[in-house]
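What follows is the residue order along each chain.
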Amino acid sequence: MIRLNGRDIRYHFEGVRGKMGQIRELVEVLDTMFDSIHHVNQIGKSMMGRPRSLRVAEELDFDQRRKRRLKT
């Protein structure tokens, strides 16, 4: 049978508390990293302009709406 005294229990919970602090720190670092990646992605997209496929789709949609207006 395992005997647990106060010192062993305190040592165990201090270890758990320390690990929880490390996990929180890791989550914060990962969150910051993914926010940075998202920010860099947004900057890259704004520098490159809108993708051609979106522009073409909007132009086609605009042309179709204009043709409908001209028919009526």
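Coordinates for the structure precede this section.
Below you will find a few notes about this structure. (Residues numbered from 1 in each chain as written. Predicted model: local features only at pLDDT ≥ 70, side-chain atom pairs only at ≥ 80, totals over all residues. Heavy atoms only, no water.)

A look at the overall build of the chain
Then, in step 1: Within the chain one finds 2 helices and 0 strands.
Then, in step 2: Within the span of the chain, comprising 72 residues, buried residues form 0% of the whole. (Helix = DSSP H or I, 4+ residues; strand = E, 2+ residues; numbered from the N terminus. Buried < 20%, exposed > 50% of the residue type's maximum accessible area, 1.4 Å probe, protein only.)

Here's the deal with a negative patch on the surface
Then, in step 1: Together, Glu25, Glu28, Asp31 and Asp35 make up a region of like negative charge exposed at the surface.
Then, in step 2: Position of Glu28 among the secondary structure elements: in helix 1 (residues 6-48).
Then, in step 3: The class for Glu28 is exposed, based on a relative accessible area of 54%. (Patch = residues over 30% accessible without salt bridge, like charges linked within 9 Å, V, L, I, M, F, W, Y side chains within 5 Å. Areas by Shrake-Rupley, 256 points an atom, 1.4 Å probe, with all protein chains shown as cover. Salt bridge = Lys/Arg side-chain N within 4 Å of Asp/Glu carboxyl O. Lys, Arg positive; Asp, Glu negative; His and termini not counted. Charge placed at Lys NZ, Arg CZ, Asp CG, Glu CD.)

Digging into a nonpolar patch on the surface
Then, in step 1: Taken together, the side chains of Leu4, Ile9, Phe13, Val16, Met20, Ile23 and Val27 present a nonpolar region at the surface, about 640 Å² in accessible area.
Then, in step 2: Here Val27 shows up in helix 1.

Limitation: the analysis is restricted to geometry and does not speak to function.
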